[in-house]
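Working through the structure, step by step
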Amino acid sequence: MNQLRRFGILAALILVIGVGRAQAASTLIIVHKDLATSKITAEELESIYLGKKTLWESGSKIAPVILIEDSAGGKEFIETVLSKTVPQYRAYWKRRLFSGGGSFPRSFPSSAEIVDFVAKTPGAIGVVDGSTRDERVKVVALSK
Amino acid sequence: MKLRFWGVAGLVCLAISTRVEAIDWDKVTFNGYTSLEIERQLEPKGEGRGDPHTSFDAKEFDIVLNIQATDSIRATANIIWEHGPATEDGRGNIALEYGFVEYSYSDLFRFRAGKMLTPFGVFNEIHTAKIAFLSVQEPLSLNKPDRIVKSAFRFYPRYGSGLSFLGDGMIGSKRWEYVVFIANGDQIVSKDDPNNPYELDDNNSKSVTARIRLEPTESFRVGGSYYRDSYSAKNKRYRSLAASGLEFEFNRGGLQVLAEAAFASRENIDRSKTREATWYIQPAFHFENGVTPYVRYDWVDPDRDKSSDQGHDLIVGVNYEFQPGFMVRIENNWFKGQKNTDLASYPGGDYNEIKASIVLGW
């Protein structure tokens, strides 16, 4: 059951994020250029956006950012990668935020704004449209 | 005189500009919530302690502040204005719900210092944040059992000053989290007690709260909580309190089922013990248009060694989130007790109360 779930998440992410096949991908994971990270696992990505992983291995703070929840890209990411519906995602973060557990990941209406934020924010990670190309940020691969 | 004015004005400007530069607003977030509640006891009319006049309650206005001071240090606070406070008239309540600093050594080892809400069960840490749950009030069985059966006692104090250790981890691909909170504990003998438990402890015993949660699957979470403390020597009725709780949450699609149970043992001054038990279950279904009907059954047994003293509250309600963070909810509460029950709002009898609220969060 567990293996099946892992395989399901990976298959969905490979479809959505398109590791190593940026041309065909609908979504890309980008990070600040100074980060040593070049790949990330599905579990790590999920933990980051649920506020359970807040520090990179270097000890620097992770600043996650996504497309707004109402956008097609934001909704797709929440449903596919976080395995939650948008209302469940909001409810989860409201509970966490108002019990003192930290703030929602920042959200922006466009990939261009996410790229700008990631480029200027050390420790930032974002999920953007697959057609986005910008040398100011680094694209990371999804690993097993 | 003019020179003095401009000199002072210049100094003020300098001070303000220095302070503005000292704050990196990208590292500060402001959130909050507010709600208005409406309650009316429907039956029986003219009796009991429920609200017969359909009163409005300016329940709360809260500001939640988060400051990421450095990569590993965060400060957070929640300030509440409750029931339309007016200090001039001695009404309402203004309080620091929580205010603490958190240091993260790693995601598995974090440390908090300050005033915190006791991390017992699901609802205590969000009990004022009505925006974070569906019903008008948090489940009373675990959080305010004395509001269902008057003789029931609470399983833990709402807040505490102290230290907590917490973290998130993985066992294989399963998420888990823990928190251990050490605080002064509950020492209030009466409201007139001059001792402030958030400043001074009046005994050597510290309260300990611990909670652990595990997610066996993406849709299922289970957890357990524990609280223990010895009361102040000034307390002439009770010696100590120990409580344990269990929680279950299931989410799949629009379906959510939430359930908790708690058991407590309070040692009385004559060394006898009063054993209390309570539980609730709350199924709900979220439709895509923002409508979420819910049902909750709260059950309280204030003394497991006495018979026919249990009470319950059956709630049927609907929550409508017509814009993200803006909700309206209405529910009916049927309070019913066994023959020896002392129901909180209508001793000795069953009653029916309708409740509604408008809630906004940002």
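Source: prediction; values computed, not measured. (Residues numbered from 1 in each chain as written. Chains lettered and ligands numbered in written order. Predicted model: local features only at pLDDT ≥ 70, side-chain atom pairs only at ≥ 80, totals over all residues.)

**Brief notes about the overall build of chain A**
For the record, the criterion: Every helix listed is a DSSP run of H or I at least four residues long, and every strand listed is a run of E at least two residues long, numbered separately from the N terminus. Note on contacts: residues are paired as contacts if their backbone-placed C-beta atoms lie within 7 Å.
When its secondary structure is counted, chain A shows 5 helices and 6 strands. Secondary structure elements of chain A occur, N-terminal to C-terminal, as α-β-β-α-β-α-α-β-α-β-β. Long-range contacts, defined here as pairs at least 24 residues apart, represent 63% of the contacts in chain A between residues at least 6 apart.

**Some words on the overall build of chain B**
Defined as follows: With C-beta atoms placed from the backbone, a residue counts as buried when 20 or more other C-beta atoms lie within 10 Å of its own, as exposed when 12 or fewer do, and as partly exposed for counts between those limits.
The number of helices and strands found in chain B is 2 helices and 16 strands. The buried share among the 362 residues of chain B stands at 37%. Taking all contacts inside chain B whose residues are at least 6 apart in sequence as the whole, residues at least 24 apart take part in 54%.

**Section: the nonpolar core**
Counted only if it meets this: Structurally, a nonpolar core is described as a collection of buried Ala, Val, Leu, Ile, Met, Phe, Trp, Tyr and Cys residues joined by way of C-beta atoms within 7 Å.
A:Ile30, A:Val31, A:Val118, B:Phe155 and B:Ala243 are the most contacted members of the largest nonpolar core, which totals 56 residues. Those residues in contact with A:Ile30, other than ones at most four positions away along the chain, are A:Val115, A:Val118, A:Gly126, A:Val128, A:Val137, A:Lys138 and A:Val139. Core analysis: the next-biggest nonpolar cluster, separate from the first, contains 8 residues, B:Tyr98, B:Phe100, B:Met116 and B:Val179 among them.

**As for unusual backbone geometry**
Residue and element names in this part refer to chain B. Of note in the backbone geometry, threonine 54 takes a positive phi value of approximately 55° without being a glycine. By secondary structure assignment, the location of threonine 54 is in the loop between strand S1 (28-43) and strand S2 (55-68). Owing to 11 C-beta atoms within 10 Å, threonine 54 belongs among the exposed residues under this scheme. The backbone of histidine 83 sits at a positive phi, close to 60°, despite the residue not being glycine. Position of histidine 83 relative to the elements: it lies in strand S3 (residues 73-86).

**A look at the interface of chain A and chain B**
Condition: Gly is put with the polar residues, along with every residue not named as nonpolar or charged; the nonpolar set is Ala, Val, Leu, Ile, Met, Phe, Trp, Tyr, Cys and Pro, and the charged set is Asp, Glu, Lys and Arg.
At the junction of the two partners, chain A supplies 22 residues and chain B supplies 29 residues. For the side of chain A that touches chain B, the elements supplying multiple residues, two or more each, are helix H1 (2-17) and helix H4 (86-98) of chain A. The element best represented in the side of chain A that touches chain B is H4(A), accounting for 7 residues. Grouping the amino acids of the side of chain A that touches chain B by side-chain chemistry returns 4 nonpolar, 10 polar and 8 charged.

**With respect to the confidence of the model for chain B**
All names here are of chain B. We apply this condition: The pLDDT value tells you how sure the predictor is about a given residue, anywhere from 0 up to 100.
In the predicted model, chain B carries a mean pLDDT of 89, and 89% of its residues have values of at least 70. Scored below 50 in pLDDT, residues 15-21 makes 0 contacts in the model with residues more than four places away or belonging to other chains. Both scores are available for the predicted complex, with the pTM at 0.87 and the ipTM at 0.88.

**So, helix H5 (residues 111-120) of chain A**
Residue and element names in this part refer to chain A. For the record, the criterion: Note: the arc covers the axis-to-C-beta directions of the helix.
Buried within H5 we find Ser111, Ile114, Val115 and Val118. Along H5, the residues classed as buried sweep out an arc of 100° about the axis, all on the same side. Those residues of H5 hidden inside the fold are in contact with strand S1 (27-32), strand S3 (63-67), strand S4 (106-108), strand S5 (124-129) and strand S6 (137-143).

**Regarding the environment of A:Glu44**
Mapped onto the elements of the fold, A:Glu44 is located in helix H2 (residues 42-49). Taking the C-alpha atoms as reference, A:Glu44 lies 19 Å from A:Gln88; in sequence the two are 44 residues apart.

**Points about the sheet that holds S6(A)**
Residue and element names in this part refer to chain A. Inclusion rule: Strand pairing is assigned whenever DSSP identifies at least 2 bridges connecting the two strands. Comment: axis = line fitted to C-alpha atoms, over the contacting stretch for helices; angle = value between 0 and 180 degrees taken between N-to-C directions.
One open sheet holds the 6 strands; their spatial order is S2-S6-S1-S5-S3-S4, and the pairing between them is mixed. The open sheet has two edge strands, strand S2 (39-41) and S4, and neither has a second partner. Each neighbouring strand pair of the sheet contributes to a mean axis angle of 35°, computed without reference to strand direction. When S3 meets S4, the two strands line up parallel, connected through 3 bridges. Pairing of valine 65 across the sheet is with arginine 106, part of S4. Set on the sheet, H2 makes contact with S2, S3, S5 and S6; between it and S2 the angle comes to about 80°.

**Here we look at the environment of B:Asn203**
Residues and elements named next belong to chain B. When you line up the elements, asparagine 203 lands in the loop between strand S7 (174-183) and strand S8 (207-217). Residue class for asparagine 203 comes out partly exposed when judged on the 15 C-beta atoms lying within 10 Å of it. Along the backbone, asparagine 203 and tyrosine 231 are 28 residues apart, and their C-alpha atoms lie at a distance of 7.9 Å.

**With respect to the pairing of strand S10 (residues 238-252) of chain B**
On any regular strand, side chains alternate: one points to one face of the sheet, the next to the other face. All names here are of chain B. Of the pairings in the sheet, the one linking strand S9 (residues 220-230) to S10 comprises 11 bridges and is antiparallel in character. Its bridge partner lying in S10, arginine 228 is registered against alanine 242. Relative to strand S11 (residues 255-268), S10 runs antiparallel, the two sharing 14 bridges. Bridge pairing links phenylalanine 250 to valine 257 in S11. Joining the antiparallel neighbours S10 and S11 is a turn of 2 residues, in which glycine 253 adopts a positive phi near 60°.

**Considerations on the confidence of the model for chain A**
On average, chain A scores 84 in pLDDT, and the residues at 70 or more come to 82%. Long-range and interchain partners of residues 9-24 of chain A, a stretch whose pLDDT sits below 50, account for 27 contacts in this model, where long-range means more than four residues apart.

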